[in-house]
Amino acid sequence: MSQFRLARISLILAAIGLNAAPALMTGASAQTAPATPATSAAPTKPDTVRPDLYKLLEPGMIKGLIDGKKFAEVQEKVNAAEAFANRTPYENYVIERMKFALASASANDAMAMSSLEAIINSPSTPAADKPEFILAMGNMQFNAKNYPKAIEWMKRYMADGGAPARVRGSIVRAYYLNNDFASAKTEVLAMLAESEKAGKVPPADDLRLLATIAGKQKDMATYTATVEKLVASYPTEELWADLLHRMYGKTSFNSKLQLDAYRLETTVLKQMEAEQYVEMAELALLAGFPIEAKKAVDAGFAANVLGTGPNASKHKSLRDRANKNAADDEKNIASGEASAAKLKDGTGLVNLGYAYVTMDDFEKGIDRIEKGIAKGGLKRPEEAKLKLGMAYAKAGRKDDAIKTFESIKGTDGIGDLARYWVMWLKRPADTAAAAAPAAAPVAK
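All values reported here derive from a predicted model rather than from experimental measurement.

**Overview of the overall build of the protein**
Scanning the protein for helices and strands turns up 24 helices and zero strands. Each of the 444 residues in the protein was classed as buried or not, and the buried ones make up 47%. A separation threshold of at least 6 residues defines the contact pool for the protein, and within that pool the share at least 24 residues apart is 57%. Carbon and sulfur atoms make up 53% of the accessible area of the protein, which amounts to about 21,600 Å² in all.

Dropping the structure here:
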């Protein structure tokens, strides 16, 4: 989870107006001689401060001392003010305000929180101000890593009429940092649901937090669903790699789809591992797509992950084999047209069409795949539609590709592959513009 810390006290004070001394109201006796603190009579009018107490806490003087960082002098004056007997609630309120200003300037968090709680509970505090003070207390408790108290104060803020949107993100993080993952998950799910209901893209930080919580709880279904949402709105190489590798790891994933999975992976990632390039090339050769195999090998060599290390000779042997078969396929592909057309089902036409796609002859490829699907009799019709969708995507026919992928059904991994292709095609414009070519082109 990314670092999350609320504003320091000084920033909170600036926001709620507690970093300035309050205007002290004095009664009619303000001009009389000061009495000693022990015997000074309490003022007879509400919201007033005795003159002798006022002299200790005169706003301009206190502000000048604080600005000059003369914190010890301010503390002495506060101590003297607290020695007065018979203090009224308003006088206590004024003293706590001064203590809070001192605490904020001197970074005394403990005193600041004690004073702020007294201010919140004071009958002299304007009712309209209390929610902001309560929110400030929640923020300070969060920064002090007292997460249960932070949650308590933030909930009080909402109960007292504060805007939930201002604290829900803080509450869910407080739950998380307090290791209450169940409550954190409940809160963040509610936040995300509200964003989606409002038609807004869920915030990336909230999605990342949910993914982290799900990981802590070993809730892989929620984790994967959340990573999908992150990939859809905030795609990165790391997220795509995580998502695809988790797809491979599902017990329901059909290994026969591994080549199709690599076709997506080489599209969305700039580079794969050496073993993946090798496996993709071997699978493509086995499936009868040597030009695709050549592209995979060429991409691996271009990325400097093939042709080096202890398996360098094997990589070169694979490259030679892929090059030879690709050259033969280019020479003979046209001769397969008649035999593919004579077959009772459309499998031959579909495979022939995708072979043309690997050669970047998208018009011919799409035509043959469409005819093969229309002919019918396919053992795996959803895989044929997947090939057609990929052909449309490679040809730049985005809308046709999306429509085709969205029609694909299946629980063996093909449904995931189709959805992920749609996510890639619908990715945000800024990431689409920056997308790198998937593989090296076939040398002509």
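Next comes the rest of the description.
**Observations regarding the side chain of Gln276**
Within the element layout of this structure, Gln276 appears in helix H15 (residues 274–287). Each residue touching Gln276, except ones within four places of it in the same chain, is listed here: His245, Tyr262 and Glu265.

**Some remarks on the confidence of the model for the protein**
Residues with a pLDDT of 70 or more make up 86% of the protein, whose mean pLDDT is 88. Segment residues 1–39 is flagged for pLDDT under 50; beyond a separation of four residues in sequence, or across chains, it makes 74 contacts in the model. Low pLDDT (under 50) marks residues 432–444, which in the prediction has 21 contacts with non-local residues, meaning those over four places away or in another chain.

**Re the pattern of salt bridges**
Counted by the stated rule, this structure contains 30 salt bridges. A salt bridge links Asp242 to Arg246; the nearest nitrogen and oxygen atoms lie 2.8 Å apart. In this pair, Asp242 and Arg246 both sit in helix H13 (residues 237–249), four residues apart, roughly one turn of the helix. Arg246 sits in the partly exposed class, given a relative accessible area of 33%. Residues joined by salt bridges that share partners form a network here, namely Glu228, Lys250, Asp416 and Arg419.

**Describing the packing of aromatic side chains**
Using the criterion set out here, one finds eight aromatic pairs in the structure. Ring geometry for Tyr176 against Phe181: centres 5.5 Å apart, planes inclined by 55°, an arrangement best described as tilted. A connected cluster of aromatic rings, assembled from ring pairs, spans Tyr248, Phe253 and Tyr262. One cation-aromatic arrangement involves Arg319 over Phe301; the distance from NZ or CZ to the ring centre is 4.2 Å. Against the face of Trp424 rests Arg427, its NZ or CZ located 3.6 Å from the ring centre.

**A few points about the packing of H15 against helix H16 (residues 290–302)**
Where H15 meets H16, the axes come as close as 7 Å, and the angle between the chain directions of the two elements is 170°. Taken together, the axis directions place H15 and H16 in an arrangement best described as roughly antiparallel. Helix-helix and strand crossings are classified by hand; for H15 and H16 the assignment is left-handed. Between H15 and H16, the residues in contact are Tyr277, Met280, Ala281, Ala284 and Leu285 and Pro290, Glu292, Ala293, Ala296, Val297, Ala299 and Gly300, respectively. For the contact of H15 with H16, the per-class residue count stands at 10 nonpolar, one polar and one charged.

**Observations regarding helix H17 (residues 312–332)**
The terminal C-alpha atoms of H17 lie 30 Å apart, and with 21 residues this matches the ideal 30 Å at 1.5 Å per residue to within 8%. At its buried positions, H17 is contacted by H15 and H16.

**Focus on the environment of Tyr223**
Relative to the elements of secondary structure, Tyr223 occurs in helix H12 (residues 220–233). Overall, Tyr223 belongs to the buried group, its relative accessible area being 15%. Along the backbone, Tyr223 and Arg208 are 15 residues apart, and their C-alpha atoms lie at a distance of 9.5 Å.

Basis of the calculations
Residues numbered from 1 in each chain as written. Predicted model: local features only at pLDDT ≥ 70, side-chain atom pairs only at ≥ 80, totals over all residues. Heavy atoms only, no water. Helix = DSSP H or I, 4+ residues; strand = E, 2+ residues; numbered from the N terminus. Buried < 20%, exposed > 50% of the residue type's maximum accessible area, 1.4 Å probe, protein only. Contact = heavy atoms within 4.5 Å. Areas by Shrake-Rupley, 256 points an atom, 1.4 Å probe, with all protein chains shown as cover. pLDDT = per-residue confidence, 0-100. Salt bridge = Lys/Arg side-chain N within 4 Å of Asp/Glu carboxyl O. Phe/Tyr/Trp six-rings, centres within 6.5 Å; stacked < 30°, edge-to-face > 60°. Lys NZ or Arg CZ within 6 Å of the ring centre and 35° of its normal. Axes fitted to C-alpha atoms, helices over the stretch in contact; angles between N-to-C directions. Parallel < 35°, antiparallel > 145°, perpendicular 65-115°, else oblique. Left-handed = near helix turned anticlockwise from the far one by under 90°. Nonpolar A, V, L, I, M, F, W, Y, C, P; charged D, E, K, R; others polar. Expected span 1.5 Å × (residues − 1).

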